[in-house]
Amino acid sequence: MHATHLSAVRRFVAIVAIAAATGWVAGEPAASAQAPDRRPMTFLDMQHMRQVGSPTPSPDKKWLLYSLSTPDWAEAKRYTDLYLVSMAQGVRSTRQLTFTKDKNETAPRWSADGSFFLFLSNREAPESAASRNQLYMMRPDGGEAQRLTDAKEGVSDYAVTSGGEWLAYRTGKTGEEQLFRLPMSNLATATAERITQHPTGVASWEWAPDGTRIYFVTPDAIDADEKLRREKKFTVNIRNPETPVSSLWALDLAPAAAAPRDARRLTTGGAYSVDDVAISKDSKWVGFRGLSANRYQRGITSENIYSDLYLLETATGAIERLTTNAEIGESRLSFSPDNRFVAFSGPDDLQKYGMSNARVYVRAVAERGKPFRKLGESFDGDVTIGFWAKDGSTLYFNEGIKATNQVVSLDVRFNTTRPLTEEKASVSIDEDPDTGALLINYSDGTTAPTLFTVDAIADASTRASWRQLTDPNPQVRGFLLGDQEEITWKSKDGTLVGGVLVKPVGYRAGQRYPLIVAIHGGPASADVLSFNGGYGSQVYAGAGYLVLRPNYRGSTNYGHKLKTDIVGNYMAPGYDDIMSGVDHLIAQGMADPDRMGALGWSAGGHWSNWILTHTDRFKAISTGAGTMNWISMYAQSDVQRNRQYYLGDKLPYDDFDAYWNQSPLKYIKNAKTPTMIHVVEGDPRVPSPQSIELHMALKQLGVTTELYMYPGNTHGIPDPRNQLVKSVSEMAWMDFYVRGKGQKFSWRDVLTTLEDEAARPKVSSDAAPKR
């Protein structure tokens, strides 16, 4: 391993050893975390970050259950335990409730009186089925968990009626799963009652809020030969295969003493496939999405734009079609808590495909056939539905505003929007649908994602009113971090562009630093003032780099015009924005023009490839999952419609030039910069042949290049080992070519992390002190 990498890892081990020796308990801002021997962050530190999930307030909102996912680097796995925290006292009251080694506890759910909770766990699963979950119950004041189920195939999911009377769970072989129920009053001794026996199983399901009915969605048929041929190893995959549509069913549940009735089918005809079911709180209305029955309009990236929304009145079974459009994507239906209104979000223009900002459409739920009222037109961003005020007067949602994420309100009566937060950070808020408790997720340049709560939505505007509930990564306080800030500059044509600048640790004004341009994906997304964004910008800052994370044209958060300025001219405006940002930092005396590198993934890879073929100002490029040839990419990828729109809104077969002129491959003979290429072999979004085309071209043209192909079938690298390989090799490439230091990547750089892990003292993975 290189000396610099070895020393960083050893410093990491030393910090953990100090923590163990001094009794540093996670969640305590102890002196050891603030010690003078703080150190720069590493890519291995990124793999050690813990993650909070499934926050579940108790019925009286006094307690919060949540899961904490802790990485085990030696095994390249994550394990999850459950924690409890007082919502009044905050993080210092946290207790760890489960302690299963190498197992998981997930999906906590309280009983109606808060005396116990339920969860799923694989703690007793056989090695032959290590992921098989069973259902357990446990008291929050301690004691052993009690197993409630012994399902042969494990429990897939479960839910409790809103009144707390019944628990239902789903189990069975894939495609054959059925529902069972247990009385909450007698969980420990009751025998589970099977309540469905549907020939095609139960795919997705939900209790009606009044607890008298379960709605479920399931395919209309099962192709027995399709299943059999795979069992017999005829495993060929067919693109866009014919699959049956799914229908909505209702299961009316009789009292405990009587047998449940047969399920009733609520949608018929096969004209659409049901998805995204939503139920009003009074159980009188059911909303759902009807996906196209056309096999070519049901892909993962296209099914939403070829669907429409429907509203079913439960008393009569009458179904109203709410939208009738093509190539328009709407959100799931949402009902106001007082049951008066039904709403959805969708594009400002509901008539044709485009990238117009999202608006909210609302109507009185009972006014069948009446038009929806459009809300939020004055807001230059996406207006969506997060949650409602109790009286239905206001909607609250989370939205990006420049280099931040904020909480915004929409007054339904007066059609006005107003940001409720103005943090230089990433802030989002969610309401627990059962209790109404408010949970804020927050991160900034020095704070990893952390959960807070407030008593009322008005308190979200006042930081002093926030109470911290979690502290999953206290080790961050032991890192030396670079300052980050939002900056703006003028592009080549005068357009004002923004982004995030991360300064190197120990930055001194007037000194020039090597620059990394970290280009986000999307492109319809944005870099914000969150923790360690931009492919590990704090790791680069710790190594002495200045990092620019530009929100180039095509990005969100800066208004409709900036987001759509690349339509019909996809690559050039964003390129100009990025290069103008580079020139701005050079003019400010911050960036060294002779020591610059660029990197990105997905759309960030597209622009990295464009930079490669349009300038030789960078000393190194690392491109991940980027396009080279839009003509071939159109057919290879699982995305067509939005790329067609970006590239002039014609099919490539009608205008090859529009696609070819925006393809980096057309300009490949301009390439001079040493380029590292990363891609997942089975990437469906930006398929690996695009990276192979780039690698072959650079190899034949004599440009220094390496191609790393990672196993998997996802758009991002799926496994932690290879995530580390990508990050460490990428930085070694930058160090070697941008700064002229170190050596190129070697396998010892990552193998050493496992050797050091074996010697590393084990530290409790608690998120706060036990009591």
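We now turn to the structure provided with this report. Just so we're clear, the structure is a prediction, and the values are computed from it rather than from any experiment.

## Observations regarding the overall build of the protein
Working step 1: Looking only at helices and strands, the protein features 13 helices and 42 strands.
Working step 2: Dimensions of the protein, computed from the C-alpha atoms along their principal axes, are close to 80 × 70 × 60 Å.
Working step 3: Relative to its full complement of 771 residues, the protein shows a buried share of 56%.
Working step 4: Within the protein, contacts between residues at least 6 apart in sequence are counted, and of these 57% link residues at least 24 apart.
Working step 5: Looking at the protein as shown, the accessible area adds up to about 32,400 Å², and 50% of this sits on carbon and sulfur atoms.
Working step 6: Distance between charge centroids for the protein: 2 Å, based on 86 positive and 89 negative side chains.

## A few points about the packing of helix 6 (residues 572-587) against helix 7 (residues 603-612)
Working step 1: Between helix 6 and helix 7, the shortest axis-to-axis distance is 10 Å and the interhelical angle comes to 75°. By the angle class used here, helix 6 and helix 7 are roughly perpendicular. Across the interface between the two elements, Ala 572, Gly 574, Tyr 575 and Ile 578 from helix 6 touch Trp 607, Trp 610 and Ile 611 from helix 7.
Working step 2: In the contact of helix 6 with helix 7, the residues fall into six nonpolar, one polar and no charged.

## Some details on the nonpolar core
The nonpolar side chains of a soluble globular protein tend to be buried, and buried together.
Working step 1: By size, the foremost hydrophobic cluster in this structure holds 95 residues, and its most contacted members are Leu 515, Tyr 540, Leu 585 and Trp 607.
Working step 2: A per-element tally of this core places helix 12 (residues 720-739) first, with nine residues.

## Some thoughts on the sheet that holds strand 23 (residues 341-347)
Working step 1: Taken together, four strands build an open sheet; the order of strands is 22-23-24-25 and the sheet is antiparallel. Sheet topology places strand 22 (334-335) and strand 25 (373-375) at the edges, where each strand pairs with a single neighbour.
Working step 2: As paired elements, strand 24 (residues 358-364) and strand 25 share three bridges and run antiparallel to each other. Residue Tyr 361 lies in a different strand from strand 25, and its bridge partner there is Lys 374.

## Points about the packing of aromatic side chains
Working step 1: Enumeration according to the criterion identifies 33 aromatic pairs in this entry.
Working step 2: With a centroid separation of 5.9 Å and 40° between ring planes, the pair formed by Tyr 272 and Phe 288 is classed as tilted. Pair noted here: Tyr 272 is in strand 18 (residues 272-279) and Phe 288 is in strand 19 (residues 285-292), with a separation of 16 residues, a long-range link. The same class applies to Tyr 272 and to Phe 288, which are both buried.
Working step 3: Judged by centre distance (5.2 Å) and plane angle (15°), the rings of Phe 344 and Tyr 361 are stacked. In this pair, Phe 344 sits in strand 23 while Tyr 361 sits in strand 24, placing the two residues 17 residues apart along the sequence.
Working step 4: The exposure class assigned to Tyr 361 is buried, which follows from its relative accessible area of 5%.
Working step 5: One aromatic cluster is present, built from ring pairs that chain together Tyr 552, Tyr 570, Trp 607, Trp 630 and Tyr 646.
Working step 6: When the ring centre of Trp 466 is taken as reference, the NZ or CZ atom of Arg 463 above it lies at 4.5 Å.
Working step 7: Arg 739 extends its terminal NZ or CZ atom over the ring of Tyr 545, reaching a point 4.5 Å from the ring centre.

## A word on the environment of Arg 109
Working step 1: Note that Arg 109 resides in strand 6 (residues 105-110).
Working step 2: Through-space distance from the C-alpha of Arg 109 to that of Ala 598 is 46 Å; in sequence the pair is 489 residues apart.
Working step 3: With residues up to four places along the chain from it excluded, the contact list for Arg 109 reads Thr 56, Phe 117, Leu 118, Tyr 158, Val 160, Thr 161 and Asp 434.
Working step 4: A distance of 3.1 Å separates a polar atom in the side chain of Arg 109 from a polar atom in the side chain of Asp 434.

## Topic: the pattern of salt bridges
Working step 1: In total, this model carries 43 salt bridges according to the counting rule given.
Working step 2: A salt bridge links Asp 565 to Arg 553; the nearest nitrogen and oxygen atoms lie 3.9 Å apart. Of this pair, Asp 565 sits in the loop between helix 5 (560-564) and helix 6 while Arg 553 sits in the loop between strand 38 (546-551) and helix 5, and the two are twelve residues apart along the sequence.
Working step 3: For Asp 565, a relative accessible area of 23% corresponds to the partly exposed category.

Parameters and conventions
Residues numbered from 1 in each chain as written. Predicted model: local features only at pLDDT ≥ 70, side-chain atom pairs only at ≥ 80, totals over all residues. Heavy atoms only, no water. Helix = DSSP H or I, 4+ residues; strand = E, 2+ residues; numbered from the N terminus. Buried < 20%, exposed > 50% of the residue type's maximum accessible area, 1.4 Å probe, protein only. Contact = heavy atoms within 4.5 Å. Areas by Shrake-Rupley, 256 points an atom, 1.4 Å probe, with all protein chains shown as cover. Lys, Arg positive; Asp, Glu negative; His and termini not counted. Charge placed at Lys NZ, Arg CZ, Asp CG, Glu CD. Axes fitted to C-alpha atoms, helices over the stretch in contact; angles between N-to-C directions. Parallel < 35°, antiparallel > 145°, perpendicular 65-115°, else oblique. Nonpolar A, V, L, I, M, F, W, Y, C, P; charged D, E, K, R; others polar. Core = buried A, V, L, I, M, F, W, Y, C linked by side-chain atoms within 4.5 Å. Pairing = 2+ DSSP bridges. Phe/Tyr/Trp six-rings, centres within 6.5 Å; stacked < 30°, edge-to-face > 60°. Lys NZ or Arg CZ within 6 Å of the ring centre and 35° of its normal. Polar contact = N/O pair within 3.5 Å; in protein donor to acceptor, adjacent residues only side chain to side chain. Salt bridge = Lys/Arg side-chain N within 4 Å of Asp/Glu carboxyl O.

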